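Residue-level listing of the chains:
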Amino acid sequence: MFDHRELAKVMDLFHFEEHSPGMMFWHPIGLQFFRVIEDFMRQVYQAYGFEEVRSPVALNRSLWERSGHWQKFRKNMFVVGIPDADAEPDYALKPMSCPAHIAIYKSHKRSYREIPMRLLEFGIVHRNEPSGTLSGCMRLRQFVQDDAHIFCREADIRDEISNFLRMVKQVYAAFGYNNFSIRIALRPEQRLGSDELWDRAESALIEAVQALDYAYELAPGEGSFYSPKIEVSLQDHLGRSWQCGTIQVDFNFPQLFDLSFVNEKGDLEQLVMLHQAVLGSLERWIGILLENHGGVLPLWVAPVQIAVASVSKKSADWAEVIFKRLKQIGARVELHVSDRTIAKKIRELSVRKIPLIAVVGEKEAMNQSLNLRRLGIAGQQEIQLPELETELLNLR
Ligand SMILES: [Zn+2]
């Protein structure tokens, strides 16, 4: 079995430092990898009617008091003091983006025409996990999550949950995971709001999942302090289960923050807030993906998809032409035309888990072709450049 930290080292993706436990240092190729996943998710969210926003990392204590985080979640938050102010700390780094998205929603009066409003942020969040539980990028203190909120009517809940589960299915399949399971986490002992609200929220979730005919398990007592939730766990190729996706039906924040819109009759109507994440922590998603594929990533997601390597100086020009053409079509490509032997180049590129290596010698330069090697597959294949271009273009 592969450890994602070892893979990250040979692939030069990221590392950790003792002085910043639970936080990551992304290297250029690693950040490229991160961006591929983020951009993919951005497109999926857009297709489902979400609009991207960005909000502050630190928010004032008064907001956290209003949301209940200060009372119920404070030991998990990084509290930030202001020098020379009085002793009381004033800000906390956000452990989630909900209050910030509420602020965006409330920045002006909303009409029924804007409902459902779906907001997405690749939000940088901080959670003060105990140092003993930190483990590579599987459990961090700082990470980015696809932090999305839907402001809608109670009658929209079923459709929104069904959209969420369609998204989950589509996204997980794109990364090679075809099996997932669903749990519905119900009210915990420590919670906000009346039992009547919890009854409504819980039955909305259960009915939405039943309507889709998905199998599910109930998990009493495991909801968050403000709402019950669906938890989606994927099964990886190593037989492990990872809880990644979640959607929560929340009647409490809309009450606490007085969230409403003007309905068709001109009256103020209260709404429901759904909190969702399809991947959860992007860093953790990447860790799972690396281990699941042993570093041999699907071509569409690999941070460097192809390396073009010349056998000698005589074929360097043709290698450069191939490199430029692939770059032009948006492929993530590297060029290796140094004096090192081709055997050495191939070895290094394979250790780095680059999925495709295009070897270019004098014969290929003459034929205007290239010799393609695929990671994990023995042998090689002489093909024409347009053929390779088509394969890479079809990945999108
Ligand atoms: Zn939220």
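This section reports on the structure supplied with the text. (Residues numbered from 1 in each chain as written. Predicted model: local features only at pLDDT ≥ 70, side-chain atom pairs only at ≥ 80, totals over all residues. Heavy atoms only, no water.)

Okay, the pattern of salt bridges next. Taken as a whole and assessed by the stated rule, the structure comprises 32 salt bridges. Two residues, Arg 187 and Asp 199, come together in a salt bridge whose shortest N-O distance is 2.6 Å. Residue Arg 187 is located in the loop between β9 (180-185) and α7 (195-211), and its partner Asp 199 is located in helix α7; the two are separated by 12 residues in the primary sequence. With relative accessibility at 42%, the residue Asp 199 sits in the partly exposed group. Linking Arg 325 and Glu 389 is a salt bridge whose minimum nitrogen-to-oxygen distance equals 3.0 Å. Of this pair, Arg 325 sits in helix α10 (residues 316-328) while Glu 389 is found in helix α13 (residues 385-393), placing the two residues 64 residues apart along the sequence. Arg 325 sits in the partly exposed class, given a relative accessible area of 32%. Three or more residues are tied together by salt bridges with common partners; here these are Arg 35, Glu 38, Asp 39, Arg 42 and Glu 52. (Salt bridge = Lys/Arg side-chain N within 4 Å of Asp/Glu carboxyl O. Helix = DSSP H or I, 4+ residues; strand = E, 2+ residues; numbered from the N terminus. Buried < 20%, exposed > 50% of the residue type's maximum accessible area, 1.4 Å probe, protein only.)

Further remarks concern the nonpolar core. Membership of the largest hydrophobic core comes to 79 residues, with the highest contact counts inside it found for Ile 37, Tyr 172, Phe 175 and Val 278. Looking at which element gives the most residues to this core, the answer is helix α2 (residues 28-47), with 9 residues. For this core, the domains that each give at least three residues are domain 1 (4-293) and domain 2 (306-393). Setting aside residues no more than four positions away along its own chain, Phe 175 makes contact with Ile 37, Phe 40, Trp 285, Leu 289, His 293, Trp 300 and Val 301. Within the second largest apolar cluster, 25 residues are counted, among which are Trp 64, Met 77, Ala 92 and Cys 98. (Core = buried A, V, L, I, M, F, W, Y, C linked by side-chain atoms within 4.5 Å. Domains from an automatic or database assignment. Contact = heavy atoms within 4.5 Å.)

A full pass over the atoms with the stated rule returns 0 disulfides. Unpaired in this structure, Cys 152 has its nearest cysteine sulfur neighbour in Cys 98, at a distance of 15 Å. (Disulfide = S-S within 2.5 Å.)

Within this model, the largest pocket holds a volume of roughly 990 Å³. Together, 36 residues line the largest pocket, and Arg 127, Phe 143, Gln 145, Lys 229 and Gln 243 are the ones closest to its centre. When contributions to the lining of the largest pocket are tallied by element, the ones reaching two or more residues are β8 (142-152), β11 (229-235), β12 (241-250) and β15 (272-277). Here the lining of the largest pocket takes 5 residues from β8, the largest share from any one element. Of the residues contributing to the lining of the largest pocket, the split by class is 14 nonpolar, 14 polar and 8 charged. Forming the walls of the second largest pocket are 14 residues, and the residues nearest its centre are Val 36, Trp 300, Arg 332, Leu 395 and Arg 396. At 5 residues, α2 tops the list of elements feeding residues into the lining of the second largest pocket. Tallied by class, residues from the lining of the second largest pocket come to 7 nonpolar, 3 polar and 4 charged. Split by domain, the lining of the second largest pocket shows at least three residues from each of two domains, domain 1 (4-293) and domain 2 (306-393). (1 Å grid on protein atoms, 1.4 Å probe; cavity = no way out; pocket = protein on both sides within 12 Å on 5 of 7 lines; lining within 4 Å. Points joined across faces, edges and corners; volume = space filled by probe spheres on them. Nonpolar A, V, L, I, M, F, W, Y, C, P; charged D, E, K, R; others polar.)

Glancing now at a nonpolar patch on the surface. A cluster of nonpolar side chains, Val 80, Ile 82 and Tyr 91, forms an exposed patch at the surface whose accessible area comes to about 210 Å². Relative to the assigned elements, Ile 82 resides in the loop between β5 (79-80) and β6 (91-93). (Patch = residues over 30% accessible without salt bridge, like charges linked within 9 Å, V, L, I, M, F, W, Y side chains within 5 Å. Areas by Shrake-Rupley, 256 points an atom, 1.4 Å probe, with all protein chains shown as cover.)

This brings us to the packing of α2 against helix α6 (residues 157-174). Where α2 meets α6, the closest approach of the two axes is 11 Å, and the angle between their N-to-C directions is 155 degrees. Comparing their axes, α6 and α2 come out roughly antiparallel. The element α2 and its partner α6 pack so that their crossing is right-handed. In this structure, α2 contributes Phe 40, Met 41, Val 44 and Tyr 45 to the contact, and α6 contributes Met 167, Gln 170, Val 171 and Ala 174. (Axes fitted to C-alpha atoms, helices over the stretch in contact; angles between N-to-C directions. Parallel < 35°, antiparallel > 145°, perpendicular 65-115°, else oblique. Left-handed = near helix turned anticlockwise from the far one by under 90°.)

Bound to the zinc ion on the protein side are Cys 98 (SG), His 149 (NE2) and His 275 (ND1), at distances that span 2.0 to 2.3 Å. Within one chain, the residues donating to the zinc ion are spaced in sequence as C-x50-H-x125-H. One end of the pair, Cys 98, is in helix α5 (residues 98-105); the other, His 275, is in strand β15, and 177 residues separate them in sequence. Pair check on accessibility: Cys 98 and His 275 agree, each one buried. (Donors = N, O, S within 2.8 Å, 3.2 Å for Na, K, Ca; no water.)

In this section: empty space enclosed by the protein. Counting across every chain of the model gives 2 cavities of 30 Å³ or more. Volume-wise, the largest cavity comes out at about 80 Å³. As for the largest cavity, its lining consists of Met 11, Leu 13, Ile 29, Gly 295, Leu 297, Ala 302, Pro 303, Val 304, Arg 352, Lys 353, Ile 354 and Pro 355. Considering only residue class, the lining of the largest cavity consists of 9 nonpolar, 1 polar and 2 charged. Estimated volume of the second largest cavity: approximately 30 Å³. Lining the second largest cavity, in full, are Tyr 48, Phe 50, Arg 118, Ile 150, Glu 160, Asn 163, Phe 164, Met 167 and Gln 276. Take the lining of the second largest cavity: its biggest share by element is 4 residues, from α6. Residue composition of the lining of the second largest cavity, by class: 5 nonpolar, 2 polar and 2 charged.

Keep in mind that these numbers describe shape and distance, not what the molecule does.
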